[in-house]
Amino acid sequence: WPVALTQMGSVLAASSPAPAVNPAGGGAHGAGLGSFPPGFGMPSLSPVSPPSGQAAEDADNPLQNPGTYEECHRKCKEVYPMQMEGVRLVVNKGLSNHFQVNHTVNLSTIAESGYRFGATYVGTKQIGPAESFPVIVGDMDNTGSLNSQIIHQLTSALRTKIAIQTQQQKFVNWQCDLEYRGVDFTSAVTLGNPDILVGSGILVAHYLQSITPALALGGELVYHQRPGEEGAVTSLIGRYTGENYVATLTLGGAGAHATYYHKANEQLQLGVEFEANMKMQETTTSVGYQVDLQKANLLFKGTVDSNWMVGATLEKKLLPLPLTLALGAFLNQRKHKFQCGFSVTIG
Amino acid sequence: MGSVLALSSGAANGTWPFSPDTPPSRWDTHPAHWDRPPRWERRDGRLPNPGSFHSLHRSCKDVFPQQIEGVKMTVNKTLSSFFKASHTFHLSAVSPSYYRFHTEHLQDDQYSKDKDAPALIGEMDSSGSLNAHSLIHLTEGVRARAVFQSQQSQFVTWQFETEYRGSDFTAAVTVANPDVLRESVILVAHFLQSVSSGLVLGGELVYHRGRAEEGGILTLAGQYSRPNWVATLNAGKGGAHASYYHRANKQIQVGVEFEASTRTQETTASFGYRMELPEANMVFRGMVNSRCIIGGVLEKRLTPLPATLIMGAFVNHRGDKLQVGLGVNVG
């Protein structure tokens, strides 16, 4: 997966694209594995909106840890469907409580077809009911491109992550980050692509503070240096969590990003996103929704975009078999481009 | 569809065996169907009618999957006992998307043995292309058919066919694209005769005439049927087409096809199979080609709903191209 170093998001968020597989599928094996897909998501710890039952416990400690900076927009982004094209077959195999491998064969209409092998190792240091550390995730392509991540919890509040990405034999991304979770704040520092010989690198600092039980404010500072130039971009973020909704706003030198997530009932979730990019001078608004019919083992996601793009994905678990079938189609009316694909996940 | 056009470009057609969109009409169904009494078992001991020339290779062709691409949704509606309409929406990545309206008017004819043989079929595209077939039973043995096809505003096919089915032979004459202004016409004559209980022999003569040239091609055809398999061969100066169809058991049918054309100097061999699982409401068709094309299409009826889901993919390894298609048929 190519790395896009955007000015809006952090390096960390950019290097962890959402995987093509149903996120719930990867967490099925073993109690030791966290609820993250066999791709590259950071394991999410505390939920974004605190459940209402905890109101009594908050008497001594009214403020909770607000989560990480990248997760603020994530709840809304998870509602949107992913673009699918070609045919994909994914086989997940759990070898033990700590080790899981997956094979992916991808036949693509627009890109190169290939085979990918991935392995995930979860260690023995157990922090919570579904999280254990260290977590080592590796992924290799049939062309030799490698993606790997190591996540480890050093102390109860300090977590570190190292991520490396290569495109065949060339290293395109290598970064290290450190995250500290306090009682009511989170701060993180990321060092991306540090190159001593050339004298370039990217430094990202995040800070997120719970002001009230529902409101969290924070900021991000991105500093990049190359031989001959250096620059910094700052952004401010604010997140308000209601009973069944989350509204987040990011404002920075590079533009604005606002998301609104609403959970209507057990089955329907909605997301609205607005993004403005100062560099490219364009704005995009998109609406997405997700219908989850647990009884029919069906998950449907749809989206409409201000770029005249309409898309939908349907995922169904074919139950007696451990098989998940996903169908998806995206249509860009303005450019008259159409893409459809389906995938089968086993295990 | 157009028999003459299929013949003149059939063996050399690069998209074979991907048939055009309209499904084969029921008039040309191969008589040797396993759910009816096999055609060689006639009670009076006489030889059976061999069917029409177009349907000689039909049982083998039905085994192969049809190439699908993009997303297609078809809604079929039966408006009355003799009138059907269907709407098709097709969103495609390689060709323009379209909406197509298709309607069929059946004919309850005392002459026709299959009671719902469509007499009029019309189809119109969102770009204005028209496709029209009409079939008339003149007498018990004589059928006449007219086919008109237009691509937006231009007519590409207009042909008229008359077929006579005797007790053990079939003869047909087709006039295709007669053009008085350009002085061009294509005449096709077919003849099939049941020689014994399993053997059918026949031939086809194609005569085409234009302003500057004229010519004729003769093709001989033979077909041998047994309860479990059918072997057919067409051979002539334009090329050869051989097919073998085998029914292994109730669920698996296999077809092998070989086509050679002298005009394009190409040969193609294909192997296809069809697997039916009626308990799972599923039909799977797969095929492998000598042009390094591998394809498979899965059809599944989603039983409480009156809907069928179709998923298919075709890979051309030589050109490294993949085509994926999804379809839903409602009603």
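Read on for an overview of the structure. (Residues numbered from 1 in each chain as written. Chains lettered and ligands numbered in written order. Predicted model: local features only at pLDDT ≥ 70, side-chain atom pairs only at ≥ 80, totals over all residues. Heavy atoms only, no water.)

## Some points on the nonpolar core
Counting 14 residues, the largest nonpolar core has Leu327 and Phe342 of chain A together with Met311 and Val324 of chain B as its most contacted members. Mapped onto this core, the elements with two or more residues apiece are strand E18 (323-332) and strand E19 (337-346) of chain A together with strand E18 (307-316) and strand E19 (321-330) of chain B. With four residues, E18 of chain B is the largest single contributor of residues to this core. Excluding its chain neighbours within four sequence positions, the residues that come into contact with leucine 327 of chain A are Met84, Ala312, Thr313, Leu314, Gly341 and Phe342 of chain A together with Leu309, Met311 and Leu326 of chain B. (Core = buried A, V, L, I, M, F, W, Y, C linked by side-chain atoms within 4.5 Å. Buried < 20%, exposed > 50% of the residue type's maximum accessible area, 1.4 Å probe, protein only. Helix = DSSP H or I, 4+ residues; strand = E, 2+ residues; numbered from the N terminus. Contact = heavy atoms within 4.5 Å.)

## Regarding the packing of aromatic side chains
For the structure on display, the rule yields 12 aromatic pairs over all chains. On the numbers, 5.7 Å between centres and 50° between planes, the contact of tyrosine 164 of chain B with phenylalanine 169 of chain B is tilted. By relative accessible area, phenylalanine 169 of chain B is classed as partly exposed at 24%. Ring centres 5.7 Å apart and planes at 50° place the aromatic pair tyrosine 224 of chain B and tryptophan 229 of chain B in the tilted group. According to the relative accessible area criterion, tryptophan 229 of chain B is partly exposed, its value standing at 27%. Joined through ring pairs, the aromatic side chains of Tyr180, Phe185 and Tyr207 of chain A make up one cluster. (Phe/Tyr/Trp six-rings, centres within 6.5 Å; stacked < 30°, edge-to-face > 60°.)

## Quick look at the pairing of strand E13 (residues 255-263) of chain A
All names here are of chain A. Here strand E12 (residues 245-252) runs beside E13; their pairing, made up of eight bridges, is antiparallel. By the bridge assignment for E13, threonine 250 is matched with histidine 257. Hairpin connection, E12 to E13: the antiparallel pair is bridged by two residues. Sheet topology places E13 next to strand E14 (residues 268-277); nine bridges connect them, and they run antiparallel. Counterpart to alanine 258 in the pairing with E14 is phenylalanine 274. (Pairing = 2+ DSSP bridges.)

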